[in-house]
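# Structure assessment
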Amino acid sequence: LKKPELCRFKQRTETLQANNHKHHLHPFSDNGALAQEGARVIEKAQGVYLYDSNGNKILDGMAGLWCVNIGYGRQELVDAATQQMQQLPYYNTFFKTTHPPAVRLAEKLAEIAPEHLNHAFFTSSGSECNDTVLRMVRHYWAAKEQPDKQVIISRKNAYHGSTVAGASLGGMTPMHKQGQLPIPGIVHIQQPYWYGEGGNLPADEFGIHAARALEEQILSLGEDKVAAFIAEPIQGAGGVIIPPDTYWPEIKRILAKYDILLVMDEVICGFGRTGHWFGSNYYDLQPDFMSLAKGITSGYLPLGAVMVSDKVAEVIRTSGEFNHGFTYSGHPTAAAVALANIEILQNEGIIEKARTITGPYLQQRWSELAAHPLVGETRGAGMVAALEIISDKTSRTRFDDKGTAGTLCRDFCFNNGLVMRAVGDTMIISPPLVISGQEIDELIEKAWKSLDQTAKALL
Ligand code: PMP
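All figures in this text were calculated on a predicted structure; none of them were measured in a lab. (Residues numbered from 1 in each chain as written. Predicted model: local features only at pLDDT ≥ 70, side-chain atom pairs only at ≥ 80, totals over all residues.)

This next bit is on the sheet that holds strand β5 (residues 151–155). Strand pairing in a sheet is mediated by backbone hydrogen bonds. Such pairs are either parallel or antiparallel. Judged by pairing direction, the sheet is mixed, and its seven strands sit side by side in the order β4-β10-β9-β8-β7-β5-β6 without closing on themselves. Lying at the two open borders of the sheet, with one neighbouring strand each, are β4 (117–123) and β6 (186–189). Here the strands of the sheet are splayed against their neighbours by 25 degrees on average, with no regard to which way each runs. Relative to strand β7 (residues 226–231), β5 runs parallel, the two being bridged by three bridges. Bridge pairing in β7 links Val151 to Val226. In the packing of helix α13 (residues 310–317) onto the sheet, contacts are made with β4 and β10 (304–309), and the angle to β10 comes to roughly 95 degrees. (Pairing = 2+ DSSP bridges. Helix = DSSP H or I, 4+ residues; strand = E, 2+ residues; numbered from the N terminus. Axes fitted to C-alpha atoms, helices over the stretch in contact; angles between N-to-C directions. Contact = placed C-beta atoms within 7 Å.)

The ligand sits among 14 residues. The nearest are Ser125, Gly126, Ser127, Gly161 and Val267. Tallied by class, the residues present in the shell around the ligand amount to six nonpolar, six polar and two charged. (Near = placed C-beta within 6 Å. Nonpolar A, V, L, I, M, F, W, Y, C, P; charged D, E, K, R; others polar.)

Further remarks concern the domain arrangement of the protein. For the protein, the assigned domains are domain 1 (40–73 + 349–458) and domain 2 (75–347). Here the C-alpha centroids of domain 1 and domain 2 sit 26 Å apart. Residue-level contacts link 26 residues of domain 1 with 23 residues of domain 2. Contributions of two or more residues to the side of domain 1 that touches domain 2 are made by α3 (63–66), α15 (350–367), β11 (375–381), β12 (384–389) and β15 (426–429). Across the side of domain 1 that touches domain 2, the residue classes tally to 15 nonpolar, seven polar and four charged. (Domains from an automatic or database assignment.)

Before going further, it helps to spend a moment on the environment of Gln364. Residue placement: Gln364 occurs in helix α15. Sequence separation of Gln364 and Met136 is 228 residues, and the distance between their C-alpha atoms is 42 Å.

Right, let's talk about the nonpolar core for a bit. Core analysis: the biggest nonpolar cluster contains 127 residues, and Phe229 and Met307 have the highest contact counts within it. Here the element with the most residues in this core is helix α14 (residues 332–347); it accounts for nine residues. Each residue touching Met307, except ones within four places of it in the same chain, is listed here: Leu109, Ala113, Leu117, His119, Ala120, Phe289, Met290 and Leu292. (Core = buried A, V, L, I, M, F, W, Y, C linked by C-beta atoms within 7 Å. Buried ≥ 20, exposed ≤ 12 C-beta atoms within 10 Å, placed from the backbone.)

Taking 1.5 Å as the rise per residue, helix α10 (residues 203–221) with 19 residues should run 27 Å; its terminal C-alpha atoms sit 28 Å apart, in good agreement. Inspection of α10 places Phe206, Gly207, His209, Ala210, Ala211, Leu214 and Ile218 among the buried residues, and these make up the whole buried set. Packed against the buried residues of α10 are β5, β6, α9 (194–197), β7 and α11 (247–258). (Expected span 1.5 Å × (residues − 1).)

Right, let's talk about the packing of α15 against helix α17 (residues 437–458) for a bit. Running from amino to carboxyl end, α15 crosses α17 at an angle of 20 degrees, the nearest separation of the two axes being 10 Å. Classified by the angle their axes make, α15 and α17 are roughly parallel. Between α15 and α17 lies a crossing whose hand is right-handed. Across from Tyr361, Leu362, Arg365 and Trp366 in α15, the residues of α17 making contact are Gly437, Ile440, Asp441 and Ile444. Among the residues making up the contact of α15 with α17, the classes are represented as five nonpolar, one polar and two charged. (Parallel < 35°, antiparallel > 145°, perpendicular 65-115°, else oblique. Left-handed = near helix turned anticlockwise from the far one by under 90°.)

Assignment of secondary structure puts Pro249 in helix α11. Sequence-wise, Pro249 and Tyr283 are 34 residues apart; in three dimensions their C-alpha atoms are separated by 8.4 Å.

A sheet is described by the order of its strands in space; here four strands give the open sequence β1-β2-β3-β13, paired in mixed fashion. Lying at the two open borders of the sheet, with one neighbouring strand each, are β1 (42–46) and β13 (418–419). When strand β3 (residues 57–60) meets β13, the two strands line up parallel, connected through two bridges. Following the sheet pairing, Asp60 is matched in β13 by Val419.

Now the structure itself:
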């Protein structure tokens, strides 16, 4: 850009930043520190690229917040929203009413979800899905005259949202510390994070060990007290933690033995992230509930859905009123956009392509980063991946002051035109499913360069 143009960009950015900090409190941010630094202003996006107010083009390696699965700028979704807004922008589904987009979306979700999940309860977010699950699970057992079955088992370092129930179900201690969480009736067991917590155990043995923590917890509480187990197929915000292959089969065995419901939080894994429609398909699981959001509309509008199994829905249907719902449950415009999004995923074979072509290519190229002196491990599945920044490869030693290396690397990435997220010193990516081979090459090249710069700054 020419100098006068740069000046104009800079001036505009500074004005936006100043006004932003006067009136806007950011989620998951130190708002004081952010005001000093100035928030980045993203102004538009197309395909896999973001454009900021300084004229920079940035490859979005996180698909927004793991959600823009079909990429930015799809006119079909704009048209679906426009038409629905003209026809019926809003109506509720509370008092004996429904509308075509909610009906069609529920039908479509039943078609693509695992066979026995044929009922949708609509929300506007992942957090609201998990709040809904908590209440529905407890309502289910009460209706079955087992009212003591109330405890929900989750995992440390899980992320299930930011509402009171969502944050309580999640296992993030910094979140629990604010607001006296978790609420009663929720306990957290060990996560299946082999690289971080496996010690000297081989991955497969550690997978069994981590799964057995569930059985121990059930036995210690008493199986007549335990209502459900909630988990992400692959932990996302916790650092893309991919359980060892032995983990899920053992969990399945334990849940069946003690008659405990399985809730899969598919907010990230749903709609193709693993190269399959759902993480439950990827791991061959038959959950009683699936929480869906993000990729359901590719993030174009807020929408969530809890998919409920036939077994549970039958009880809910025959036990009177379920006193729960949201003004925007089944919001017609959001539902219309979700339908258009799912149609694109289906018609363009995007998930199949992620499974057979782009996913394997991304994983192959990503694994090359393991050769970098700063990288202790790379891992991934489908279109999601992580790497561990360490100071010593053989002993898995991390840098002092956890998070510094990750933050450095993330900032270098951004300056090099790549969004990569840092969770402590774990770097993670989750790009739009439509990313091309050439764009994957660009992502890897920029990641390597940023790791080099991080190494130089640290060593
Ligand atoms: N569950 C999981 C697994 C998530 O990753 C998220 C969001 N990152 C949520 C729930 C919460 O979703 P939302 O932010 O839409 O409330």
